[in-house]
Amino acid sequence: MRKLFVIIILIICIIFLNIATKNSVSFYNDKYNIFVSRLPLENFFVFDSVGFILGLRKFISDIAWIQLLQYYGGPPPEEPYHKEDLYEHMTKIQPGKYKKFIDYCKRVTILDPLYGFVYFYGVGALAWNLERPDEALKLVEFGLNNLEFQKNTPDSDYWELVKYQQAISYKLGGKYLEMVDKLKEIVDGGKAPNMVKAILANMYKKYSKYNQALLIWEELLLSGDPEYVERAKIQIVQIKNLMRTKYE
Amino acid sequence: MKNLLQISVFSLKENFKSKFYLVLLLFSIVLIFIGLLLTGLSGFEQPQRVLVNSGIAMIELFCLLLVILNSVEFFLQDVETKSIYIILSKPVSRTKYILGKYFGMLLTVVISILIMSIFHIVLIKISKWYVTKEYFLTLVTIFLKMCIVLSITLFAVISMTSRTVAVVTSVLLWIAGHFTSELIFIIKKIKIDIIKFLLNIFYYIIPNFQLLNLKDFFDSSYFVSQFSLTKSLGYTFVYSAIFLLLTCVLFKNKDL
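Residues numbered from 1 in each chain as written. Chains lettered and ligands numbered in written order. Predicted model: local features only at pLDDT ≥ 70, side-chain atom pairs only at ≥ 80, totals over all residues.

**Some remarks on the overall build of chain B**
- Helix and strand counts for chain B come out as 11 helices and 0 strands.
- Reading chain B from its N terminus to its C terminus gives the helix and strand order α-α-α-α-α-α-α-α-α-α-α.
- Expected size for 256 residues packed as a compact globule is a radius of gyration near 18 Å; at 20 Å, chain B falls within 12% of this value.
- Once the C-alpha set of chain B is aligned to its principal axes, its extents read approximately 60 × 50 × 30 Å.
- Burial status across chain B gives 41% buried among its 256 residues.
- Long-range contacts, defined as pairs at least 24 residues apart, comprise 79% of the intrachain contacts of chain B with a sequence gap of at least 6. (Helix = DSSP H or I, 4+ residues; strand = E, 2+ residues; numbered from the N terminus. Rg over C-alpha atoms; globule rule 2.2 N^0.38 Å. Buried ≥ 20, exposed ≤ 12 C-beta atoms within 10 Å, placed from the backbone. Contact = placed C-beta atoms within 7 Å.)

Put into structure tokens, the structure is as follows:
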């Protein structure tokens, strides 16, 4: 009887201890709940869930990031199955390609909502490479919601995302020069992925601002990023030729 | 006190002699090394993050396996080989035996974390990256989690005296402890009152590993500033002490 009494008292102690600590402010509030955000991409659901419940959320988000790069780095896997799919995401540059790109980005950021780089990379690719600014804005909103706690920090990822949002708004409004200025602000901020730098360099080239374009490609060449080194070499030669033609 | 220390040291030696421990340690070091290979796949701009996160994840997983499997195995081995009678026939109380096993295993965990983290830091340094002080704080929280898991595992193995059941219970509580915010979401969705009530009790009994899960946000200064080491230490101490007390109460009256 005494033993039972001791056990009951100890269990009550555990309950009180947990009541005192479980409601404290923590990273794991409802906003970051995987059931609320609903993990996209059914193929990876079991893998993601197992990682999540084992407490390996951040590690699994890294694997998800690698899978995102593999998806975006490989040939576009989706073939249109229905007639209407042919017109979905119909754009100038890459019509309907990498349709699940936003889901891949969301998957990584649901697993690790603080992974700022993925928002920048995803938004940059969606808005300017894949020409789907509507989806890019959705990802921006998703990111802003996740990073809301950074609102009071001026140099945070939250405000960096706001800049992307503004740049996309300029793009949608046809204000391309303002968009370029905003992208320059993003690149100067120092958090931009190399992909966004390359996008800005291409825009400078398009608007005949060869000096600025050359500076960015030279920076990319020096960065040593294997994805951009070869491209940078070619672009530098091309831009120098264009400059020569322009000034001769 | 002397007896307690002797049992702890004996438990530590027992762990280091175990082939299973060595295989597990070697395997975890290989896995940490694989993290370095993963960095090659993670793009040019994010390699450090992958190496750091994968290493920390492997350290935690290894410690979890070590704590659950070794503590279950060694306790049941003591009972099955009857060596527990030799220990208990000496002037060693059952409480001291449990505490000795507990601290011996914790010492093993500390040494294992040190070995793996040194290897991990060397890899990080070779890659010309840096280690922040939050990294070390994360290792401390991994250790704190292991203190709780170990107390639960000892309770499970002594109350159930079955390898499988004890291991499954500990793993399930580990999972549930990381699933608390999702569990409360499920509870809110459930409409049957009795299930809701039972789940609520379960929610408040399971350990809150999220409180100690610094590894998920150690790179965010905002969340790190919200993390309280004192609170985490206090929580770990009280939770482990309660489970150890429960284990001692059960073990005192157990027929071996």
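**Quick notes on the overall build of chain A**
- Regarding its fold elements, chain A presents 13 helices and 0 strands.
- Taken from N to C terminus, the helices and strands of chain A fall in the order α-α-α-α-α-α-α-α-α-α-α-α-α.
- Residue burial in chain A is summarised as follows: out of 248 residues, 38% are buried.
- Counting contacts in chain A only where the partners sit at least 6 residues apart, residues at least 24 apart contribute 52% of the total.

**What to know about the packing of helix α4 (residues 57–73) of chain A against helix α6 (residues 101–111) of chain A**
Residues and elements named next belong to chain A.
- It is at 8 Å that the axes of α4 and α6 come closest, and there the two elements cross at 165°. The orientation of α4 with respect to α6, classified from their angle, is roughly antiparallel. By crossing handedness, the relation of α4 to α6 is classed as left-handed. Note on element contacts: α6 touches α4 through Phe101, Tyr104, Cys105, Arg107, Val108 and Leu111, opposite Arg57, Ile60, Ser61, Ala64, Trp65, Gln67, Leu68, Tyr71 and Tyr72.
- Class assignment for the residues of the contact of α4 with α6 results in 11 nonpolar, 2 polar and 2 charged. (Axes fitted to C-alpha atoms, helices over the stretch in contact; angles between N-to-C directions. Parallel < 35°, antiparallel > 145°, perpendicular 65-115°, else oblique. Left-handed = near helix turned anticlockwise from the far one by under 90°. Nonpolar A, V, L, I, M, F, W, Y, C, P; charged D, E, K, R; others polar.)

**Here we look at the nonpolar core**
- By size, the foremost hydrophobic cluster in this structure holds 121 residues, and its most contacted members are Cys63(B) and Val67(B).
- In contact with Val67(B), not counting residues within four places along its chain, are Met105(B), Val109(B), Met146(B), Val149(B), Leu150(B) and Thr153(B). (Core = buried A, V, L, I, M, F, W, Y, C linked by C-beta atoms within 7 Å.)

**Remarks on the interface of chain B and chain A**
- Contacts between the two partners involve 41 residues from chain B and, on the opposite side, 43 residues from chain A.
- Those elements giving two or more residues to the side of chain B that touches chain A turn out to be α3 (47–80), α7 (163–178), α8 (180–189), α9 (193–205), α10 (221–226) and α11 (229–252) of chain B.
- For the side of chain B that touches chain A, the element with the highest residue contribution is α11(B), accounting for 7 residues.
- Looking at the side of chain B that touches chain A residue by residue, the classes come out as 22 nonpolar, 14 polar and 5 charged.

**Quick look at helix α10 (residues 176–188) of chain A**
Residue and element names in this part refer to chain A.
- Between its first and last C-alpha, α10 extends 18 Å over 13 residues, near the 18 Å set by a 1.5 Å rise per residue.
- Residues of α10 that are buried: Met179, Val180, Lys182, Leu183 and Ile186. Projected onto a plane normal to the axis of α10, the buried residues spread over an arc of 165° and lie on a single side. Along α10, exposed side chains directed more than 90 degrees from the buried face belong to Leu177 and Asp188.
- Its buried side turned inward, α10 meets α9 (157–172) and α11 (194–206).
- One or two positions beyond α10, positive phi appears at Gly190, with a value near 90°. (Expected span 1.5 Å × (residues − 1). Arc of directions from axis to C-beta.)

**Looking at the domain arrangement of chain A**
Residue and element names in this part refer to chain A.
- Here the domain parsing of chain A yields domain 1 (37–192) and domain 2 (193–248).
- Counting residues at the interface gives 12 residues for domain 1 and 8 residues for domain 2.
- Those elements that place two or more of their residues in the side of domain 1 that touches domain 2 are α7 (116–129) and α10.
- Top contributing element to the side of domain 1 that touches domain 2 by residue count: α7, with 6 residues. (Domains from an automatic or database assignment.)

**As for helix α8 (residues 133–146) of chain A**
Residue and element names in this part refer to chain A.
- Between its first and last C-alpha atoms α8 spans 20 Å; for 14 residues at 1.5 Å apiece the expected length is 20 Å, and the two agree.
- Residues of α8 that are buried: Glu135, Ala136, Leu139, Val140, Phe142, Gly143 and Asn146. Viewed along the axis of α8, the buried residues span an arc of 165°, placing them on a single side of the element. Every exposed residue of α8 that faces more than 90 degrees away from the buried side is listed here: Asp134, Glu141 and Asn145.

**A few points about the environment of Lys163(A)**
All names here are of chain A.
- Considering the arrangement of structural elements, one finds Lys163 in helix α9.
- Distance in space between the C-alpha atoms of Lys163 and Gly124 is 11 Å, their sequence separation being 39 residues.
- Contacts of Lys163, omitting those with residues within four sequence positions, involve Lys182, Glu185 and Ile186.

**Here we look at unusual backbone geometry**
- In this structure, Glu131(A) is a non-glycine residue whose phi angle is positive, near 55°.
- Since 18 C-beta atoms lie within 10 Å of it, Glu131(A) is described here as partly exposed.
- Its identity is not glycine, yet Lys128(B) carries a phi of approximately 60°, on the positive side.
- Taking the number of C-beta atoms within 10 Å as the measure of exposure, Lys128(B) has 7 and is therefore exposed.

**Digging into the packing of helix α3 (residues 45–53) of chain A against α4(A)**
All names here are of chain A.
- Look at α3 against α4: their axes get within 7 Å of each other, and the N-to-C directions meet at 155°. One element, α3, and the other, α4, form an angle in the roughly antiparallel class. The residues of α4 that touch α3, namely those facing Asp48, Gly51 and Phe52, are Arg57, Phe59 and Ile60.
- Its residues placed into classes, the contact of α3 with α4 shows 3 nonpolar, 1 polar and 2 charged.

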